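One-letter residues, chain by chain:
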Amino acid sequence: MFKIVEIEARLFLRDRMNSLFALLFPSVLLLALGAIPALRTPDENFGGQRFIDSYVSALVVFALVFIGLQRLPVVVATYREKGVLRRLSTTPMHPARLLAGQMVVNFAAVILSVLLLILVGYVVFGVDLPHHPLGLACAVMLGGAGTFALGLVIAALAPNARTAGGWAAVVFMLLMFLGGVYLPRFMLPSAVQAIGSYSPPGVEAIHQAWLGVAPDWRHLAIMGLVGLVAGTVAARTFRWE
Amino acid sequence: MAIIEVRDLGKRYGPRVAVDSVSFEVAEGEIFGVLGPNGAGKTTTVECVAGLRTPDRGSVSVLGRRPADVRASIGVQLQASELPERMRVGEALALFSSFYPSPVDWSARLGLVPHLKAEFGQLSGGLKQRLSIALALIGSPRIAILDELTTGLDPRARRDTWSVIEEVRSAGVTILLVTHFMEEAERLCDRVAVFRDGRIVALDTPSELVSRVDGGTRVRFVPSAALDVSVLEALPEVTSVTTAGEQLVVSGSENLLHAVTSLLARRQVVARQLRVDQVSLDDAYVELTGGRDVQDR
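A. Up close: the overall build of chain A. Of regular secondary structure, chain A possesses ten helices and zero strands. Beginning at the N terminus, the succession of helices and strands in chain A can be written as α-α-α-α-α-α-α-α-α-α. Expected size for 241 residues packed as a compact globule is a radius of gyration near 18 Å; at 18 Å, chain A falls within 12% of this value. With the C-alpha coordinates of chain A rotated into their principal frame, the extents come out at 60 × 35 × 30 Å. Of the contacts formed within chain A by residues at least 6 apart in sequence, a portion of 75% connects residues at least 24 apart.

B. Quick peek at the overall build of chain B. A count of helical and extended segments in chain B gives nine helices and 13 strands. For chain B, the spread of C-alpha atoms along the three principal axes comes to 70 × 45 × 35 Å. Taken across its 297 residues, chain B has 39% of its residues classed as buried. Sequence-distant contacts, at least 24 apart, represent 72% of the contacts inside chain B between residues at least 6 apart.

C. Structural context of the sheet that holds strand β10 (residues 217–223) of chain B. Residues and elements named next belong to chain B. Taken in spatial order, the four strands of this open sheet run β11-β12-β10-β13, and their pairing is antiparallel. Only two strands of the sheet have a single partner each, and these edge strands are β11 (238–244) and β13 (271–278). Taken pair by pair, the neighbouring strands of this sheet meet at an average axis angle of 20°, ignoring direction. Helix α8 (residues 256–266) contacts β10, β11, β12 (247–252) and β13 of the sheet and is inclined by roughly 20° relative to β10.

D. Structural detail: the sheet that holds strand β2 (residues 16–27) of chain B. Residues and elements named next belong to chain B. Strand order in the open sheet formed by three strands is β2-β1-β4, and the pairing between neighbours is antiparallel. Each edge of the sheet is formed by a strand with only one pairing partner; in this case those strands are β2 and β4 (57–62). Across the sheet, the mean angle separating the axes of adjacent strands is 15° when strand polarity is ignored. Relative to β4, strand β1 (residues 2–13) runs antiparallel, the two being bridged by five bridges. Of the residues in β4, the one forming a bridge with Glu-5 is Ser-61. On top of the sheet, helix α1 (residues 42–49) reaches β1, β2 and β4; it is set at about 125° to β1, its chief contact.

E. Structural context of the nonpolar core. Leu176(B) and Leu177(B) are the most contacted members of the largest nonpolar core, which has 144 residues in total. In terms of residue count, helix α3 (residues 51–81) of chain A provides more of this core than any other element does, 20 residues in total. Beyond its immediate stretch of four places on either side in the chain, Leu177(B) contacts Ile31(B), Phe32(B), Gly33(B), Val34(B), Leu146(B), Leu149(B), Leu188(B) and Cys189(B). With seven residues, the next largest nonpolar core counts Val219(B), Phe221(B), Leu232(B) and Val260(B) among its residues.

F. Representation of the environment of Ile31(B). Residues and elements named next belong to chain B. Assignment of secondary structure puts Ile-31 in strand β3 (residues 31–35). Its 23 C-beta neighbours within 10 Å are what place Ile-31 among the buried residues. A sequence separation of 143 residues divides Ile-31 from Thr-174, and the C-alpha atoms of the two residues are 6.1 Å apart. For Ile-31, the contacting residues outside a window of four places in its chain are Arg-169, Ile-175, Leu-177, Leu-188, Cys-189 and Asp-190.

G. Structural view of the domain arrangement of chain B. As far as domains go, chain B holds domain 1 (2–211) and domain 2 (217–278). One C-alpha centre belongs to domain 1 of chain B, the other to domain 2 of chain B, and the line joining them spans 43 Å.

H. Focus on the pairing of β10(B). Residues and elements named next belong to chain B. Bridge count between β10 and β12: five bridges; the pairing is antiparallel. For Thr-217, the partnering residue across the bridge sits in β12 and is Gly-252. Looking at chain direction, β10 and β13 are connected through six bridges and run antiparallel. Pairing of Val-219 across the sheet is with Val-276, part of β13.

I. Layout of the packing of helix α1 (residues 2–14) of chain A against helix α5 (residues 96–125) of chain A. All names here are of chain A. At a closest axis distance of 9 Å, the pairing of α1 and α5 adopts a crossing angle of 55°. By the angle between their directions, the pair α1 and α5 is classed as oblique. Of the two possible hands of crossing, α1 and α5 adopt the one that is right-handed. Contacts between α1 and α5 involve Ile-4, Val-5, Glu-8, Ala-9 and Phe-12 from the former and Arg-97, Leu-98, Gly-101, Gln-102, Val-104, Val-105 and Ala-109 from the latter.

J. Fine view of the confidence of the model for chain B. Residues and elements named next belong to chain B. Scored by pLDDT, chain B has a mean of 86; 96% of the residues are at 70 or more. Of all helices and strands in chain B, the one with the weakest mean pLDDT is helix α9 (residues 281–288) (76), whereas helix α2 (residues 89–97) scores best (94). Contacts of residues 292–297 to residues separated by more than four positions or lying in other chains number ten contacts, the stretch itself having pLDDT below 50. As a predicted assembly, this complex carries a pTM of 0.79 together with an ipTM value of 0.85.

Cut-offs applied
Throughout this document, residue positions are counted from 1 along each chain, in the order its sequence is written. Both sets of labels track the order of writing: A upward for chains, 1 upward for ligands. Owing to the predicted nature of the model, reporting of local features is limited to residues with pLDDT of at least 70; listing and counting of side-chain atom pairs is limited to 80 or more, with chain, interface and lining totals taken over all residues. Each helix corresponds to a stretch of at least 4 residues labelled H or I by DSSP, and each strand to a stretch of at least 2 residues labelled E; elements are numbered beginning at the N terminus. Both definitions apply: the radius of gyration is a C-alpha atom measure, and the globule rule equals 2.2 Å times residues to the power 0.38. Remark: residues whose backbone-derived C-beta atoms lie within 7 Å of one another are considered to be in contact. Any residue with 12 or fewer other C-beta atoms within 10 Å of its own C-beta is exposed, any with 20 or more is buried, and the rest are partly exposed; the C-beta atoms used are placed from the backbone. DSSP calls a pair of strands paired once it identifies at least 2 bridges connecting them. For helices, the fitted axis covers only the stretch in contact; all axes are lines through C-alpha atoms, and the angles between them, taken along N-to-C directions, range from 0 to 180 degrees. Think of a nonpolar core as buried Ala, Val, Leu, Ile, Met, Phe, Trp, Tyr and Cys residues, each tied to the set through C-beta atoms within 7 Å. A domain assignment, automatic or from a database, supplies the domain bounds used here. In this scheme, roughly parallel covers angles under 35 degrees and roughly antiparallel covers those over 145, while 65 to 115 is roughly perpendicular and the rest are oblique. In this scheme the handedness of a crossing depends on how the near helix is turned from the far one: anticlockwise by less than a right angle means left-handed, clockwise means right-handed. The pLDDT value expresses, per residue, how confident the predictor is, ranging between 0 and 100.

Laid out in structure tokens, this is it:
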């Protein structure tokens, strides 16, 4: 199992475009936005915070949905399409372990990306360190579980890797919109804001854990539920070949 | 003693019967060929032996157990199964090595050492196949199942692969070989099962299969000077003479060649581009499988 994780990690890093984007883009975007003076000046629109403060949770959302929906479903569907999973099922190792390795590596990438974002935000712009680190860890973990599970549902149901990529792109865009990546959430209609609180990966819980007091346990519970339901659907419908 | 025992195997996919009451045994150390046109049930049969599919009917036992229980003793090279594009040869070998208690490194014998850093997606067809064989053999299996190992390889790479298979066999591995190529079966296999429409229509050594087909000898040549066909037809050894352009095709009994060349010598005619054909496994195969879909790739 250790070998699988190691090799999956190497493959992840070898795919330069994807890995750099996943790991660095949130931090780079924060640097770019923070370079604009107006965005690093406190504004009453953001409850007296700066734009960049209110936007860090959207950048966490980006890291989660990019990895969970741009990379994971395509890789898994490609593994099936190319017969990689079938090939593994002739060995004493069950191909599910390859998927597990895949999840471990992708999740590790999310964690690195978020840690880097926290560091850059703190060092460069004095963004507060997470107020509730445990809550943030839970929010990212459960949000990741929900998002990754959706990615796996797509990989399970899509007939091939191309289709998986197409479906995933649609969900990716939608979740980015709901998560306030395109437009800051205060600009969205309140109904959309409410949906965004409960749609994976759960931007509200992330925001509350980082800059509020603590995440709302209901948000976390919903995220866990999404992960559980989607994960079950994916496991039930997954084809190995 | 039989190392693989297939009894009355049946498998259908929806309404389509893929395999219908197939039985055979493979002895330890044997190279057992599985021949037949596409869709004849070859791959389904070997996939049942590999434990990848569950038969609807009948039984498969490998080393006296259910195939799924002896996965570590069976090395499989599958038709159309690849590795991640960007995985390197060395990584694939390391990964698969980690699945087995005492892995064996075939990379040197298969000429993979210079390519350990190459990514799977960049390998030539021949190298992909060699890697695939190395991975099938890595767990030091007692049985290797090789499905259309040389399809898509150029003749040179195909011959290289054959010598690898012979080497594997001399290491004591029993081989189940699915193939489209008669030449391959004739050269490598101890026994061959010919599949047609989900059943085995013949099971014998290649030479026995050939001898079942009654075809005699055929001599083809271009005569250096005009030659009266009726003179050839008058020879007792000759059964028929046909012309194809300049070429004469003479069919007849076993002593045909001697009879024809003596006649030509007496008449001082030289036989150019002389070729003698004997019934081959190809012909036997065509006859056994009803002449459909022969070498359809």
